[in-house]
Structure formats: C-alpha cells, structure tokens
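For reference, the chains in residue letters:
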Amino acid sequence: GSVAPFRVRLAKLGVFGGERRGVLWLGPEPGEPIVELQRLLASAVESGPPRRPFVPHLTLSHFESARAAEAAAETLRWDPVEFEVTHVALMARRGDDGQFWLHHRLALGEAGLPDASPRPFAGMPSEPPAWISE
C-alpha cells in the first residue's frame, strides 16, 4: 500500500515523559494519515509487535523531566502552521547519542523502499554539541 500526499496542521503543543525525561512536542491535525503511514512503514520493516503505541508528533526539545518540559511549554506561544506532506524521511540513530542518520527519503503515493546507505543529514555535525549533555 501507499499513502497519498496530505495536508497537516501543527497546532497542539504537548509533553511526554516523567521524572527523568521530558519531551516538548507539536501534535499534527489530522493525525490519521501519519498513523496510517507509520503502520505501513512498520509492517514493512519490523518483526513483532510495537514496543509502545505510536503517537504522531514533532519533537521540539528534550528536557530533564516532564515537569521541566511543561514549564517551558507554559512560556511559549505557538501559532499553528499548515503544510503539504509530500515526502517522508526514514531516520535512525545508534544508541541514545542524539545524532540521526537518514536512511531513505520516500515520496508519498509511491510504493516500495529505495536501496540507500545510511548517511548523515547535510550540515549535521558528526558529534553532538556540548550543550546537549549539559
């Protein structure tokens, strides 16, 4: 199967996490096309059940705790943005080092995964900046 290009609006500001980690994120509306896209991609590359339920989101930042992420969210004013999703980037990272590698860039509406070697994004530093671990 394939997913046709679609419009999405990033309007909802949210927080994931607990006492030892927090994530500030934006939620897409509608989320259904992204959930379907994730389901198709996961069925093509995973073996076994998912580790946890998928929640479509765009990560803005990581924090020491959910409480710290919530405090940051309270200081932000977010004006929703809407755009057309025509491609998807399949990314992965090794361990928890924060550096993602681009594995594939897929055009929506087309079937199949192209053969590509993992590579860093253009301009992505080879090592995380010092502030990430501060």
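You'll find the structure just up there.
Summary of the structure given here. (Residues numbered from 1 in each chain as written. Predicted model: local features only at pLDDT ≥ 70, side-chain atom pairs only at ≥ 80, totals over all residues. Heavy atoms only, no water.)

**Topic: the overall build of the protein**
Check the secondary structure of the protein and you find 2 helices and 7 strands. For the protein, the N- to C-terminal ordering of α and β elements is β-β-α-β-α-β-β-β-β. When each of the 134 residues of the protein is scored for burial, the buried share is 23%. Residue pairs in contact within the protein that sit at least 24 positions apart in sequence constitute 56% of those at least 6 positions apart. (Helix = DSSP H or I, 4+ residues; strand = E, 2+ residues; numbered from the N terminus. Buried < 20%, exposed > 50% of the residue type's maximum accessible area, 1.4 Å probe, protein only. Contact = heavy atoms within 4.5 Å.)

**Notes on the nonpolar core**
For soluble globular proteins, nonpolar side chains are generally found buried alongside one another. With 11 residues, the main nonpolar core is built from V3, F6, V8, L37, L40, L41, V85, V88, L90, L106 and L108. Of all the elements in the fold, those that place two or more residues in this core are β1 (6-17), α1 (32-45) and β5 (87-93). A total of 3 residues in this core trace back to one element, the largest contributor, which is α1. (Core = buried A, V, L, I, M, F, W, Y, C linked by side-chain atoms within 4.5 Å.)

**A closer look at the sheet that holds strand β2 (residues 22-29)**
Spatial ordering of the open sheet is given by β3-β2-β1-β4, a layout of 4 strands whose pairing is antiparallel. With partners counted over all chains shown, the strands left at the sheet margins are β3 (58-63) and β4 (81-85), one partner each. Taken over all neighbouring pairs, the strand axes of this sheet differ in orientation by 35° on average, direction set aside. Relative to β2, β1 is paired through 8 bridges, and the arrangement is antiparallel. Across the sheet, G14 pairs through a bridge with W25, a residue of β2. (Pairing = 2+ DSSP bridges. Axes fitted to C-alpha atoms, helices over the stretch in contact; angles between N-to-C directions.)

**Looking at the environment of A68**
For A68, the location among the structural elements is in helix α2 (residues 66-75). For the pair A68 and V15, spaced 53 residues apart in the sequence, the C-alpha separation amounts to 9.7 Å.

**Some thoughts on the environment of T59**
Within the fold, T59 resides in strand β3. In this view, T59 contacts V23, L24 and W25; residues no more than four positions away in its chain are not counted.

**Here's the deal with α2**
Of the residues making up α2, those classed as buried are A66, A69, A72 and A73. The buried side chains of α2 occupy one side of the element, clustering within an arc of 120° when seen end-on. Residues of α2 that are exposed and point over 90 degrees away from its buried face: R67, E74 and T75. Elements in contact with the buried residues of α2: β1, β2 and β3. (Arc of directions from axis to C-beta.)

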